[in-house]
Amino acid sequence: MSILLEETSNRLLPRIVLIACGSFSPPTPMHLRMFEIARDHFEMCGSHKVIGGIVSPTHDAYGKKGLAPGKHRCAMVKLALQSSSWIRLSEWETLQDGWSRTQAVLQYHQNFMNNYINSPDLDNMNGDDNHVPGWLPPSLRERRDPVQLRLLCGADLLESFAVPGLWAEEDIEDIVSNHGLVVISRSGSNAEKFIFESDILTKYQRNITLVTNWVSNEVSSTMIRRLLSRGQSVKYLIDDLVIEYIKQFGLFQSKT
């Protein structure tokens, strides 16, 4: 009986999908650990049901130093996600004509999920394109209630909101008010301070979920690229399949 009551309770919980945007050049374990940490938080709180996770690599036109071509970054993310049953890759950003703002990325995925849930005719949902993207959570249509897409990020994204000219204020407001943030912060960091110092973030702080990561992992993509360019080993720092892919294509100045 208790199991039945628990399942009934879970079905009534608001559903959310987590999306992480970034370079993923290359993807690191911490990129994916954030999803697990966030889902654990919501399950322990009993406030929401996380039904899916999306990794969305940025377009090549983003132009960040050390950015591998999108086809390689997507391939590496696919390899890194082979062991995950609920986190999926979205190639949508990399296939656009140019770089997409984070707000536009969130809006596209949210709109597609809304249409997918509400469309009575799946075959005609996309007009001439009947392809259902692989990033869609498989349980999306099990219920007809709305699903909210939330941006999953680290505390450094909150800091970047304060950098002059980096973000449009209307984009920040749209992201936080209409989607929401799930921020994974390190122990000892002061994410609350960044929220307090921002009028927009303070206004919509009810839509910001702060989660402390108590198991620190400082391995970044930048660190991986630096080691590879020096011909040093990155084994046990990133997925073995990703390492083999990097060597196969000679990415990040690595030795084949």
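Conventions used here
Residues numbered from 1 in each chain as written. Predicted model: local features only at pLDDT ≥ 70, side-chain atom pairs only at ≥ 80, totals over all residues. Heavy atoms only, no water. Helix = DSSP H or I, 4+ residues; strand = E, 2+ residues; numbered from the N terminus. 1 Å grid on protein atoms, 1.4 Å probe; cavity = no way out; pocket = protein on both sides within 12 Å on 5 of 7 lines; lining within 4 Å. Points joined across faces, edges and corners; volume = space filled by probe spheres on them. Nonpolar A, V, L, I, M, F, W, Y, C, P; charged D, E, K, R; others polar. Pairing = 2+ DSSP bridges. Axes fitted to C-alpha atoms, helices over the stretch in contact; angles between N-to-C directions. Contact = heavy atoms within 4.5 Å. Phe/Tyr/Trp six-rings, centres within 6.5 Å; stacked < 30°, edge-to-face > 60°. Buried < 20%, exposed > 50% of the residue type's maximum accessible area, 1.4 Å probe, protein only. Lys NZ or Arg CZ within 6 Å of the ring centre and 35° of its normal.

(A) Seen up close, unusual backbone geometry. Across the junction of serine 25 and proline 26, the peptide omega takes the value 0°, indicating a cis bond. With respect to the helices, strands and loops of the structure, proline 26 is situated in the loop between strand S1 (15-22) and helix H2 (29-45). Here the phi dihedral of tyrosine 236 falls at roughly 75°; this positive angle occurs in a residue that is not glycine. Its place among the elements puts tyrosine 236 in the loop between helix H9 (221-229) and helix H10 (240-249). You will see that phenylalanine 252, though not glycine, has its phi angle at about 60°, which is positive. By the element assignment, phenylalanine 252 lies in the segment after H10.

(B) Here's a closer look at the layout of surface pockets. Considered as a void within the structure, the largest pocket measures approximately 1,500 Å³ in volume. Lining the largest pocket are 48 residues, and of these Cys21, Gly22, Gly154, Asp156 and Leu157 sit closest to its centre. Counting residues per element, the ones that place at least two in the lining of the largest pocket are S1, H2, helix H4 (102-118), strand S4 (147-154), helix H5 (155-160), strand S5 (181-186), helix H7 (191-196) and H9. Top contributing element to the lining of the largest pocket by residue count: H5, with five residues. Class assignment of the residues belonging to the lining of the largest pocket gives a composition of 20 nonpolar, 19 polar and nine charged. In this structure, the second largest pocket encloses a volume near 300 Å³. Mapped by element, the contributors of at least two residues to the lining of the second largest pocket are H5, helix H6 (169-179) and helix H8 (199-203). In terms of residues, the lining of the second largest pocket owes the most to one element, H8, which gives three residues. Partitioned by chemical class, the residues of the lining of the second largest pocket number eleven nonpolar, two polar and four charged.

(C) Molecular detail of the sheet that holds strand S6 (residues 208-213). Taking strand neighbours across the sheet as the criterion, the six strands line up as S3-S2-S1-S4-S5-S6 in an open arrangement whose pairing is parallel. Only two strands of the sheet have a single partner each, and these edge strands are strand S3 (87-89) and S6. Neighbour-to-neighbour, the strand axes of the sheet open up by a mean angle of 25°, direction not taken into account. H4 contacts S1, strand S2 (49-57) and S4 of the sheet and is inclined by roughly 150° relative to S4.

(D) Fine view of the packing of aromatic side chains. In the structure shown here, the tally under the stated rule is eight aromatic pairs. Residues tyrosine 108 and phenylalanine 112 carry aromatic rings whose centres are separated by 6.0 Å and whose planes lie at 50° to one another, so their mutual orientation is tilted. Of this pair, tyrosine 108 and phenylalanine 112 both sit in helix H4, separated by four residues, roughly a single helical turn. You can call phenylalanine 112 buried: its relative accessible area is 10%. Ring centres 5.6 Å apart and planes at 65° place the aromatic pair phenylalanine 112 and tryptophan 135 in the edge-to-face group. Pair noted here: phenylalanine 112 is in helix H4 and tryptophan 135 is in the loop between H4 and S4, with a separation of 23 residues, a long-range link. You can call tryptophan 135 buried: its relative accessible area is 4%. A connected cluster of aromatic rings, assembled from ring pairs, spans Trp92, Tyr108, Phe112 and Trp135. Sitting over the face of the ring of tyrosine 116, arginine 141 holds its NZ or CZ atom 5.5 Å from the ring centroid. Its end group placed over the ring of tyrosine 236, lysine 235 keeps NZ or CZ at 5.0 Å from the ring centre.

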